[in-house]
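Structural characterization, general
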Amino acid sequence: MTIVSGFADISLLQLLLIAAMALFASIIGGLAGYGTGALMPLVLVPLIGAEPVVPIIAISAMLTNASRALAYVRHADRRRVLIVLACAALTTALGAYGYTRLTNAGAALVIGTMLILSVPLRRMLRRRDVRIGDAGLAAGSVGYGVLVGGTSGSGVILLSLLMASGLEGAGVIATDAMISLGTGLIKISVFGLAGAVTAQVLALALLIGGMAVPGAFLARAFVERMPVQIHTAILDAAVITGGLVMISVMARQLMA
């Protein structure tokens, strides 16, 4: 298995489309704190199906989160990192294993539903200004583990948990990145044991992860020029639309 062979069944135009979306998602992620896991399925699912999407994003996210963790390492709250990873490790593995047992239609349903629900969930948590202690963070991490292990676009839940626990600014970014590295390693291990990490998965993950590097610098250039409300509204609309499209595709497959 070679990485180059992973591009064999994908046309140049499709690769350019994936690279462009990866760059756009990285910029959105730099502006809003999340985005890649929510936006990449919109272009990946129609091109390669739903089954390899979560493994692809899990691997590509390792590159993104490693760079963020390195850049903000001194701001990370290591105690909260340990709390979340300790409570989410098992459920992350279970969620990832459950995902490997899904059919293509089932994977599309799970991803699509998670994307749609992530928008009102984020708005609800922000509106209610929820505050939690270590016990609440631990309890929330158990449920978060299931979602992050088996879905794409669940990063907003971790951000909400960390902010509700009292973190803000660079501390949220750094702590989120370190936790995501841990859950990412668990997911990739499960996917690897289940045979879900193919040459195509590795190739596309490296392409997407590579585009995150220039995207981060572009995001920094845009951050002071675009109102937060605008890019958040764009992201919400894209996420909901993409989720509905995935579910409709799944429904057509089941009815065919």
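Residue numbers run consecutively from 1 along every chain, following the written order of its sequence. Selection of residues for local features in this predicted model requires a pLDDT of at least 70, selection of side-chain atom pairs for listing and counting requires 80 or more, and totals for whole chains, interfaces and linings are taken over all residues. Side-chain descriptors were evaluated using all non-hydrogen atoms of the structure, hydrogens and water having been removed beforehand.

**Some points on the nonpolar core**
Among the nonpolar cores identified, the biggest contains 28 residues, and M40, L44, I56, L204 and I208 are the most heavily contacted of them. Under the DSSP-based scheme used, a helix requires at least four consecutive residues in state H or I and a strand at least two consecutive residues in state E, with every element numbered from the N terminus. Elements with a contribution of two residues or more to this core: α1 (12-32), α2 (36-48), α3 (53-71), α4 (78-100), α8 (170-193) and α9 (199-222). Beyond its immediate stretch of four places on either side in the chain, L204 contacts F7, I10, L15, I18, L44, I48 and I56. Side-chain atoms within 4.5 Å link the members of a nonpolar core, which is a set of buried Ala, Val, Leu, Ile, Met, Phe, Trp, Tyr and Cys residues. Under the scheme applied here, a residue whose accessible area is under 20% of the maximum for its type counts as buried, over 50% as exposed, and between as partly exposed, the area being computed with a 1.4 Å probe on protein chains only. A88, Y144, L158 and I179 belong to the second largest nonpolar core, which has 17 residues in total. Between two residues, a contact is recorded if the distance between any of their heavy atoms is within 4.5 Å.

**Focus: the packing of α4 against helix α6 (residues 134-150)**
Each axis is a line fitted through C-alpha atoms, and for a helix only the stretch in contact is used; angles between axes span 0 to 180 degrees, taken between their N-to-C directions. Between α4 and α6, the shortest axis-to-axis distance is 6 Å and the interhelical angle comes to 30°. Compared by their axis directions, α4 and α6 come out roughly parallel. Along this stretch, α4 crosses α6, giving a crossing that reads as right-handed. Of the residues in α6, those in contact with R79, R80, I83, V84, C87, A88, T91, T92, G95, A96 and Y99 of α4 are D134, L137, A138, S141, V142, G145, V146, V148, G149 and G150. A class-by-class count of the residues in the contact of α4 with α6 yields eleven nonpolar, seven polar and three charged. In these notes the angle categories are as follows: under 35 degrees is roughly parallel, over 145 is roughly antiparallel, 65 to 115 is roughly perpendicular, and the rest is oblique. Each crossing gets its handedness from the near helix: less than a right angle anticlockwise from the far helix is left-handed, clockwise is right-handed. Asp, Glu, Lys and Arg are counted as charged, while Ala, Val, Leu, Ile, Met, Phe, Trp, Tyr, Cys and Pro are counted as nonpolar; the rest, among them Gly, fall into the polar class.

**Structural notes on the pattern of salt bridges**
Each reported salt bridge corresponds to a side-chain nitrogen of Lys or Arg within 4 Å of a carboxyl oxygen of Asp or Glu. Following the criterion strictly, the structure yields two salt bridges and no others. Here R80 and D77 are joined by a salt bridge, their closest N and O atoms 2.4 Å apart. A salt bridge links D134 to R79, with the nearest nitrogen and oxygen atoms 2.5 Å apart. Of this pair, D134 sits in helix α6 while R79 sits in helix α4, and the two are 55 residues apart along the sequence. What makes D134 partly exposed here is its relative accessible area of 38%.

**Structural notes on the environment of S141**
Tracing the sequence through the fold places S141 in helix α6. Relative accessible area serves as the criterion here: at 0%, S141 is assigned to the buried category. Apart from the residues within four sequence positions on either side, S141 is in contact with V84, C87, A88, T91 and L161.

**Some thoughts on α4**
Every helix has an expected span of 1.5 Å times one less than the residues it contains. Its 23 residues place the ends of α4 31 Å apart at the C-alpha level, agreeing with the 33 Å of an ideal helix rising 1.5 Å per residue. Bend at a given residue is defined as the angle between two axes, one fitted to the seven residues that end at that position and one fitted to the seven that begin there. Where α4 bends most, at A88, the angle is about 45°. One side-chain oxygen of the residue at the start of α4 lies 3.2 Å from the amide nitrogen of R79, identifying that residue as D77. Distance and chemistry together define a polar contact, namely a pair of N or O atoms within 3.5 Å, with one atom able to donate a hydrogen and the other to accept it when in protein, and with adjacent residues in sequence counting only for side-chain atoms on both sides.

**Focus on α3**
For α3, spanning 19 residues, the distance from its first C-alpha to its last is 27 Å, which sits close to the expected 27 Å at 1.5 Å a residue. The largest bend along α3 measures about 25° and falls at A61. For α3, the set of buried residues is V53, V54, P55, I56, I57, A58, I59, S60, M62, T64, N65 and A69.

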